[in-house]
Amino acid sequence: MLCNELMNKNVCFNYTNEPIINVINNIIDSNSKFAVVLDNNKSILGIITLLDIIKRIILNNINLNNPIISYITSPIISCLENDDISYAISKIVDYKINQIIVINNKNNLLGFISFKELAMNKETNLFLNDVLYEFYLDDTINPFKLLIDKKKI
């Protein structure tokens, strides 16, 4: 299965010069947990999650009218649209992230894959269930290694 077959295309995005408050509102309006930040050429510069906003901005009393660019995480972790889904899963696990951005060869944003997409797909759900089952049977098993070594997808 390829990443473009599973990705969610409903991505919340903002531009570098937008105020933080606009980004927060866009994330809330899109019922998302993150926003991708683009430059004026629509190339991806970084990502900001709701947790980032709480930790880096709100808890530090940062002015919500400041541009978002100073608070993004960059570089982003991504996969290409034609990568095998097992590659995307291994990156999610390796980097301990909740979602991976799907791009094309020109670094244009196409979508994302999160645990939700993996859980809702029959093939990837079975794969994740197998890994979690083995992990909880024996707590000495490293689930990250299992995801990389096991090629069921």
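What counts, and where the lines are drawn
In this convention, every chain numbers its residues from 1, walking through the sequence in written order. Selection of residues for local features in this predicted model requires a pLDDT of at least 70, selection of side-chain atom pairs for listing and counting requires 80 or more, and totals for whole chains, interfaces and linings are taken over all residues. Side-chain descriptors were evaluated using all non-hydrogen atoms of the structure, hydrogens and water having been removed beforehand. Counting from the N terminus, the helices are DSSP H or I runs at least four residues long and the strands are E runs at least two residues long. Partly exposed describes any residue whose relative accessible area lies between the buried limit of under 20% and the exposed limit of over 50%, with all areas from a 1.4 Å probe on protein chains only and scaled to the type maximum. Only the protein chains shown count as cover for residues, and the accessible areas themselves come from Shrake-Rupley with a 1.4 Å probe. Buried Ala, Val, Leu, Ile, Met, Phe, Trp, Tyr and Cys residues form a nonpolar core when they are joined through side-chain atoms within 4.5 Å. Take a side-chain nitrogen of Lys or Arg and a carboxyl oxygen of Asp or Glu: if they are within 4 Å of each other, that pair is a salt bridge. A strand pair is defined by DSSP finding two or more bridges across the two strands. Helix axes are fitted to C-alpha atoms over the stretch in contact, other axes to C-alpha atoms as well, and angles between N-to-C directions run from 0 to 180 degrees. Two rings from Phe, Tyr or Trp (for Trp, the six-membered ring) form a pair when their centres are within 6.5 Å of each other. A pair whose planes differ by under 30 degrees is stacked, one over 60 is edge-to-face, and the rest are tilted.

(A) Seen up close, the overall build of the chain. Across its full length, the chain carries seven helices and six strands. Mapped from its N terminus to its C terminus, the chain presents α and β elements in the order α-β-α-β-β-α-β-α-β-β-α-α-α. Across the 153 residues in the chain, those meeting the buried criterion constitute 42%. About 8,900 Å² of surface is accessible on the chain, with carbon and sulfur atoms providing 52% of the total.

(B) Region of interest: the nonpolar core. With 16 residues, the main nonpolar core has Cys-3, Ile-85, Ala-88, Ile-100, Ile-113 and Leu-118 as its most contacted residues. At five residues, helix α4 (residues 85-95) tops the list of elements feeding residues into this core. One finds Ile-20, Ile-27, Ile-48 and Tyr-71 within the second-largest nonpolar core, a separate group that totals 13 residues.

(C) Structural context of the pattern of salt bridges. Per the counting criterion, the structure on display carries one salt bridge. Its salt-bridge partner being Arg-56, residue Asp-52 comes within 3.6 Å of it at the nearest N-O pair. One end of the pair, Asp-52, and the other, Arg-56, are both in helix α3 (residues 50-58), four residues apart, so they sit about a helical turn from each other.

(D) Just the sheet that holds strand β3 (residues 44-49), in detail. Ordered in space as β1-β2-β3, the three strands form an open sheet in which the pairing is mixed. Two strands in the sheet have a free side with no partner beyond their single neighbour: β1 (13-15) and β3. Here the average twist between neighbouring strands, direction ignored, is 30°. In terms of strand pairing, β1 meets strand β2 (residues 34-38) through three bridges, oriented parallel.

(E) Layout of the pairing of strand β6 (residues 109-114). β6 sits mainly inside the fold: five of its six residues count as buried. Sheet analysis places strand β5 (residues 99-103) next to β6, joined by five bridges and oriented antiparallel. Bridge pairing in β6 links Ile-103 to Leu-109. Turn length for the β5-β6 hairpin, with the two strands adjacent in sequence and antiparallel, is five residues, and the turn residue Asn-107 shows positive phi of about 65°.

(F) How the structure looks around the sheet that holds strand β4 (residues 78-80). The three strands lie next to each other as β4-β5-β6, forming an open sheet whose pairing is mixed. Bordering the open sheet on either side are β4 and β6, each of which pairs with just one other strand. Adjacent strand axes in the sheet meet at a mean angle of 35° when their direction is disregarded. Two strands pair when backbone bridges link them, and β4 and β5 are joined in this way by three bridges, in the parallel orientation. From the neighbouring strand, Leu-80 faces β5, where its bridge partner is Ile-103.

(G) Structural context of the packing of aromatic side chains. Across all of its chains, the model carries two aromatic pairs by this definition. Ring centres of Phe-13 and Tyr-15 lie 5.9 Å apart, and the angle between their planes is 85°; this geometry places the pair in the edge-to-face category. Judged by relative accessible area, Tyr-15 falls into the partly exposed class, the value being 21%. Where Phe-34 meets Phe-112, the ring centres are 5.0 Å apart and the plane angle is 90°; that geometry is what we call edge-to-face. With Phe-34 in strand β2 and Phe-112 in strand β6, the pair connects residues that are 78 residues apart, well separated along the chain. Taken as a pair, Phe-34 and Phe-112 share a single burial class, namely buried.

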